[in-house]
Amino acid sequence: MFNQRKLEFDVVVVGGGSAGVAAAVGAANVGAKTLIVERNPYFGGAGTHSSVFSYCGFFAQAEPLQQVVGGVGAQFLAELSAIGPEIEPRRNPASGNVIVIADGEKSKYALDRLLLRAGVVPRLHCQVIGAQVQGNRVVEIECVDHAGRLTVSADAFVDASGEADLTTLAGGAVRFGDDEGQVQAGTLVMRIGGVARDVPIARELFTEAIQLGKQAGIDTLSKEKGMVLRLASGDILALFVDESVNGLDAASLTAAEMSARQQAWSYLDVFRRHVPGFESAYLIQTGPALGIRETRHVRGQYTLAGEDVLSGVRHLDAVARGGWPVEIHQPGAPAVYQQIRDKSYYDIPLRSLAVEGFSNLWCAGRIISCDAIAFASARVMGTAFATGHAAGVAAAQSTRFTHPDADLVRAELLRQGALV
Ligand SMILES: Cc1cc2nc3c(=O)[nH]c(=O)nc-3n(C[C@H](O)[C@H](O)[C@H](O)COP(=O)(O)OP(=O)(O)OC[C@H]3O[C@@H](n4cnc5c(N)ncnc54)[C@H](O)[C@@H]3O)c2cc1C
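Residues numbered from 1 in each chain as written. Predicted model: local features only at pLDDT ≥ 70, side-chain atom pairs only at ≥ 80, totals over all residues. Heavy atoms only, no water.

An unreviewed UniProt entry annotates the protein chain as FAD-dependent oxidoreductase of Alicyclobacillus acidoterrestris.

K.L.:
What is the right way to look at the sheet that holds strand β5 (residues 98–101) in this model?
P.N.:
Strand-to-strand pairing in sheets goes through backbone hydrogen bonds, with the strands running parallel or antiparallel. Strands sit in the order β3-β5-β4 across an open sheet of 3 strands; the sheet is antiparallel. With one partner strand each, in any of the chains shown, β3 (54–56) and β4 (90–91) form the two edges of the open sheet. (Pairing = 2+ DSSP bridges. Helix = DSSP H or I, 4+ residues; strand = E, 2+ residues; numbered from the N terminus.)

K.L.:
Before we go on, may I ask you to explain the sheet that holds strand β11 (residues 186–193) in this structure?
P.N.:
Strand order in the open sheet formed by 4 strands is β12-β13-β11-β14, with antiparallel pairing between adjacent strands. With partners counted over all chains shown, the strands left at the sheet margins are β12 (227–230) and β14 (282–286), one partner each. Ignoring strand direction, the axes of neighbouring strands in this sheet form an average angle of 30°. Where β12 and strand β13 (residues 236–243) come together, 4 bridges link them in antiparallel fashion. What sits directly across from Arg230, in β13, is Ile236. In the packing of helix α7 (residues 250–274) onto the sheet, contacts are made with β11, β13 and β14, and the angle to β13 comes to roughly 130°. (Axes fitted to C-alpha atoms, helices over the stretch in contact; angles between N-to-C directions. Contact = heavy atoms within 4.5 Å.)

K.L.:
Sorry if this is basic, but what is going on with the layout of surface pockets here?
P.N.:
In this approach, a probe sized like a water molecule rolls over the atoms, and the result shows the empty space that is left. When its volume is computed, the second largest pocket comes out at roughly 360 Å³. Residues of the lining of the second largest pocket, tallied by class, amount to 7 nonpolar, 1 polar and 6 charged. (1 Å grid on protein atoms, 1.4 Å probe; cavity = no way out; pocket = protein on both sides within 12 Å on 5 of 7 lines; lining within 4 Å. Points joined across faces, edges and corners; volume = space filled by probe spheres on them. Nonpolar A, V, L, I, M, F, W, Y, C, P; charged D, E, K, R; others polar.)

K.L.:
Would you mind showing me how to read empty space enclosed by the protein here?
P.N.:
Using the criterion set out here, one finds 1 cavity of 30 Å³ or more in the structure. Roughly 60 Å³ of volume is contained in the largest cavity. Lining the largest cavity are Val68, Val69, Gly70, Val319, Ala320, Ala386, His389, Ala390, Leu413, Ala418, Leu419 and Val420. Elements represented by at least two residues in the lining of the largest cavity include exactly β16 (318–322) and α10 (381–397). Broken down by element, the lining of the largest cavity gets its largest block of residues, 3 residues, from α10. Residues of the lining of the largest cavity, tallied by class, amount to 10 nonpolar, 2 polar and no charged.

K.L.:
Explanation requested: the pairing of β5 in the structure shown.
P.N.:
Alternating positions in β5 separate into two faces, Val98 and Val100 on one and Ile99 and Ile101 on the other, with burial throughout. The pairing of β3 with β5 spans 3 bridges and is antiparallel. Residue pairing across strands places Tyr55 opposite Val100, the latter belonging to β5. Examined bridge by bridge, β4 and β5 share 2 bridges and lie antiparallel to one another. Bridge pairing links Arg91 to Val98 in β5. Linking two consecutive strands that pair antiparallel, namely β4 and β5, is a turn of 6 residues; a positive phi of about 85° is found at Gly96 within it. (Buried < 20%, exposed > 50% of the residue type's maximum accessible area, 1.4 Å probe, protein only.)

As structure tokens, this is what we get:
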């Protein structure tokens, strides 16, 4: 009645966000028999499950437009354009930051298409809960769905879980948050309808409305300055609802989700009362899940430092590029930015993706080995595509007991259209 409960693959990717999908496609393109395991009913991670629709990190701040992520990331952008309408990078005239907006439904479909075309075996609704280790190798993972447990063995694994679940289950070294154990804020994204297309979206109007609400005694409002975006559909995305949360702990997450929903209704109330044109605004959706920016970081063979990022460092074993400035979110406070030198990019070395103490375990996305400042840049989704792609290729090229040479990984990434 049920599918086979014991599976064997060349490469298994845990987590199907931006990093995981790129890793799986990259590995499959090398010729590896590849499985991707995702606990949600769709791929995309925060880009779909928390409605983070603005993709940062595909382009640096430099002018003219400088693309810093190619390969699977570029295929994703092409797939979005093929679904239509054509995606257009948007530059913020004040900051110079360049983003790409992708509605969650389009992202889900585009990622399905990328995975299927590459021949990756997808497994949704499936959570990884255990890992078997022999010596310095992960040999098998344990997963659970409603039918029970299943096990998957493989030659190499990529941890793209966003929370470093696989590395932790395998006994690898991780750090929670920064050196003091502090993490960036969690945020619940609000999608708002009922606002005419010609209503101007000026950020200061929202700040004034929130301040008026606070003066009137509403104490369930956190941030005064947040991000507000108009989608092609005419809907508004608003990122104001911050929570201090431990994204690993169900009790903390439950309290934060419920408090965030209360905040969202308070924000809607003050926008309706005080922002011109928002009188009939209504909440289309929150989340679905509270967005978690940060929990664990893997300890790799090299820890990318804030100084590397800000100075635009170059590495001989570079396998990915980061082009987004450092962006730090403390709960309730406006985002703080620090520029990369020359508004260009920095290199991410293969060693930051190699999990310390393991010969066949790689990490990708927001958990790569970096300090708190470097994380604040490397965490964005464009960069997650780049580190994921590199980790997937490295995993597919790992022999049974050794890491591939960085030159080999770089050559294959170039063959697959990556920018390294
Ligand atoms: C509120 C908020 C706003 C943000 N704004 C932006 C922005 O504007 N632009 C931008 O580019 N980035 C933004 N980011 C950052 C960005 O969204 C993340 O850093 C990025 O999604 C990281 O990609 P990832 O693939 O590493 O992880 P994720 O997107 O978190 O994906 C990890 C995936 O792994 C799955 N998973 C986890 N554990 C398991 C398990 N044990 N078994 C199976 N599956 C598992 C999860 O379900 C998830 O789908 C924002 C983040 C937040 C929270």
